[in-house]
Structure formats: C-alpha cells, structure tokens
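A closer look at the structure
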Amino acid sequence: MARKKHSSEEIISRLREAEVLVAEGKRLPELCRILEVSEQTYFRRRKEYGGLKTDPAPLERTTRQGASGGPGHRLESLVRRPAARR
C-alpha cells in the first residue's frame with residue numbers, strides 16, 4: 001500500500017478538526033478513525049504541529065528547500081532588523 005504524504009497545511013487543519021471533535025466528546029479511537037490516521041501518527045503530529053497557532057507551511061517550505069538566497073533566506077527576511085542610524 002502506498003503511503004500518503006500530507007502537506008503541513010493539511011496536517012494543521014486536521015489537528016484543528018481534532019480539537020473540535022475532542023471538545024464534542026469524541027474518544028481517541030473514534031477520533032483517529034475520523035481523521036484516518038493511527039493513534040501513533042496523531043500523537044506525533046500533535047507534538048510536532050500542535051502548539052502552532054499560525055500557518056508555518058510557507059516558511060517551512062522555503063527554509064527546507066532553500067530560496068535563492070540560500071537556506072533560511074525567507075526566515076532572515078522576516079526578522080525585523082533595527083533601523084540604521086543616520
């Protein structure tokens with residue numbers, strides 16, 4: 001059976017969906033069946049992506065693949081630098 005590679009956006013949206021289902025009172029086995037992942041995968045993804053409140057996918061993609069400025073180029077461009085003194 002071929003494995004599916006889910007994007008960061010899909011994983012984060014599924015984890016948000018899981019939070020809603022848990023709030024509705026769903027149990028873990030039922031939750032994993034709905035999300036179509038194993039319990040181990042659910043906990044691993046929750047550990048990796050669970051604390052993220054914003055969408056890290058565009059940032060993650062550019063730092064992994066490297067931009068024209070090299071790895072981490074996008075990260076450096078997002079960090080505010082103090083203004084130069086005149």
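Residues numbered from 1 in each chain as written. Predicted model: local features only at pLDDT ≥ 70, side-chain atom pairs only at ≥ 80, totals over all residues. Heavy atoms only, no water.

1. So, helix α2 (residues 28-35)
Applicable threshold: Here's how the labels work: a residue is buried when its accessible area is under 20% of the maximum for its type, exposed when over 50%, partly exposed in between, all with a 1.4 Å probe on protein chains only. Secondary structure elements are defined from DSSP: runs of H or I of at least 4 residues count as helices, runs of E of at least 2 residues count as strands, and each element is numbered from the N terminus. What the arc measures is the spread of directions leading from the helix axis to the C-beta atoms. Contacts: residue pairs with any heavy atoms within 4.5 Å of one another.
Of the positions making up α2, those classed as buried are Leu31, Cys32 and Leu35. Down the axis of α2, the buried side of the element spans an arc of 95°, and every buried residue falls inside it. Close packing links the buried residues of α2 with α1 (8-23) and α3 (39-49). Looking one or two residues beyond α2, the residue adopting positive phi is Glu36, at roughly 60°.

2. Some points on the side chain of Arg45
Put simply, the test is: By the counting scheme adopted, Arg and Lys are positive, Glu and Asp are negative, and His together with the chain ends is not counted. Put simply, a salt bridge is a Lys or Arg side-chain nitrogen that is within 4 Å of an Asp or Glu carboxyl oxygen.
For Arg45, the position within the fold is in helix α3. Despite its burial, Arg45 pairs with no opposite charge; the closest candidate is Glu48, at 7.0 Å N-O. Other than its neighbours up to four places away in sequence, Arg45 contacts His6, Ile11, Leu15, Val37 and Gly50.

3. Brief notes about unusual backbone geometry
Of note in the backbone geometry, Glu36 takes a positive phi value of approximately 60° without being a glycine. With respect to the helices, strands and loops of the structure, Glu36 is situated in the loop between α2 and α3. Overall, the relative accessible area of 62% leaves Glu36 in the exposed class.

4. Digging into the pattern of salt bridges
Per the counting criterion, the structure on display carries one salt bridge. Linking Glu30 and Lys26 is a salt bridge whose minimum nitrogen-to-oxygen distance equals 3.6 Å. Look at Glu30 and you get partly exposed, because its relative accessible area is 32%. A relative accessible area of 31% places Lys26 in the partly exposed class.

5. Things to note about the packing of α1 against α2
Where we set the bar: Between the N-to-C directions of two axes lies an angle of 0 to 180 degrees, each axis being a line fitted to C-alpha atoms and, for a helix, fitted only over the stretch in contact. Handedness of a crossing follows from how the near helix is turned relative to the far one, being left-handed for an anticlockwise turn of less than a right angle and right-handed for a clockwise one.
Between α1 and α2, the shortest axis-to-axis distance is 11 Å and the interhelical angle comes to 145°. As for the relative orientation of α1 and α2, their crossing is right-handed in sense. Residues Arg14, Glu17, Ala18, Leu21 and Val22 of α1 form the contact with α2, whose own contacting residues are Leu31, Ile34 and Leu35.

6. Considering the nonpolar core
How we decide: The nonpolar core is taken to be a set of buried Ala, Val, Leu, Ile, Met, Phe, Trp, Tyr and Cys residues, with the residues joined through side-chain atoms within 4.5 Å.
Core analysis: the biggest nonpolar cluster contains 11 residues, these being Ile11, Ile12, Leu15, Ala18, Leu21, Leu31, Cys32, Leu35, Val37, Tyr42 and Tyr49. Considering every element that reaches this core, the biggest residue donor is α1, with five residues. If sequence neighbours within four positions are ignored, Leu31 has contacts with Ala18, Leu21, Val22 and Tyr42.

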